[in-house]
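Here is what each chain is made of, one letter per residue.
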Amino acid sequence: MTDWWEQPLDTLTPSQWEALCDGCARCCLHKLEDADNGEVFYTRVSCRYLHSESCRCREYTQRSRLVADCITLQPDNIAEALAWLPATCAYRLRACGEPLYLWHPLLSGDADSVHRAGISVRGRVVSEDHVHPDSHEEHIVRWVQEEPR
């Protein structure tokens, strides 16, 4: 018998869908897209509502209303989001039929395992409130797409 997170995404209950999130907060980083080739670059600039220590949104239930380009990820829009979701994202992995990493809290049984594995943005980000909008290119990082430890 398979675990519930191994089931197709469109069969998950709302609570299972939410539990699939590993809490890395990489999706809360500002991203830049190359206009010529569509390549996505992550920055260390985070949404103003991200609590950088817990890696959780301070305004989770209102995020889509407060932030115009915040996407509420759902099974019906996951395909469109694959281009900007990090390679370690559980939603991306499952949408592509891949297993979760062993550090994922659902497998480890420990919500802090994502932080210990170096996957989360904890200690690596600066709020958009402290960065001039024209300087995001100066904050591009490569660690988001690196292979996990």
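Note that this is a predicted model, so its numbers are computed, not measured.

**Q** Could you give an account of the packing of aromatic side chains, with specific residues and numbers?
**A** All chains considered together, the criterion is met by three aromatic pairs. Summarising the aromatic geometry, the rings of tryptophan 4 and tryptophan 5 are spaced 5.4 Å apart at their centres and angled 80 degrees between planes, so their arrangement reads as edge-to-face. With a relative accessible area of 24%, tryptophan 4 lands in the partly exposed category. Residue tryptophan 5 is classed as buried on the basis of its relative accessible area of 11%. With a centroid separation of 5.5 Å and 10 degrees between ring planes, the pair formed by tyrosine 101 and tryptophan 103 is classed as stacked. We classify tryptophan 103 as buried; its relative accessible area is 8%.

**Q** Hey, could you go over the layout of surface pockets for me, with residue numbers and the actual values?
**A** Volume-wise, the largest pocket comes out at about 1,000 Å³. Lining the largest pocket are 37 residues, with Cys27, Cys28, Cys70, Ile71 and Trp84 positioned closest to its centre. For the lining of the largest pocket, the element with the highest residue contribution is strand β1 (residues 29-33), accounting for five residues. Residues belonging to the lining of the largest pocket are distributed by class as follows: 25 nonpolar, two polar and ten charged.

**Q** Which residues make up the pattern of salt bridges, and what values do they have?
**A** Pairs can form between side chains of opposite charge once their charged atoms are near each other. One pass over the full model with this rule turns up four salt bridges. Ionic pairing is found between arginine 122 and glutamate 53, a salt bridge with its closest N-O pair at 3.6 Å. Residue arginine 122 is located in the loop between α6 (113-116) and β5 (126-127), and its partner glutamate 53 is located in the loop between β3 (50-51) and β4 (56-57); the two are separated by 69 residues in the primary sequence. Residue arginine 122 is classed as partly exposed on the basis of its relative accessible area, which comes to 31%. Relative accessible area serves as the criterion here: at 47%, glutamate 53 is assigned to the partly exposed category. Taking the shortest distance from any N to any O, the salt bridge between aspartate 110 and arginine 116 comes out at 2.5 Å. Shared partners join several salt bridges into a network, and the residues in it are Arg48, Glu128 and Asp129.

About the cut-offs
- Residues numbered from 1 in each chain as written.
- Predicted model: local features only at pLDDT ≥ 70, side-chain atom pairs only at ≥ 80, totals over all residues.
- Heavy atoms only, no water.
- Phe/Tyr/Trp six-rings, centres within 6.5 Å; stacked < 30°, edge-to-face > 60°.
- Buried < 20%, exposed > 50% of the residue type's maximum accessible area, 1.4 Å probe, protein only.
- 1 Å grid on protein atoms, 1.4 Å probe; cavity = no way out; pocket = protein on both sides within 12 Å on 5 of 7 lines; lining within 4 Å.
- Points joined across faces, edges and corners; volume = space filled by probe spheres on them.
- Helix = DSSP H or I, 4+ residues; strand = E, 2+ residues; numbered from the N terminus.
- Nonpolar A, V, L, I, M, F, W, Y, C, P; charged D, E, K, R; others polar.
- Salt bridge = Lys/Arg side-chain N within 4 Å of Asp/Glu carboxyl O.

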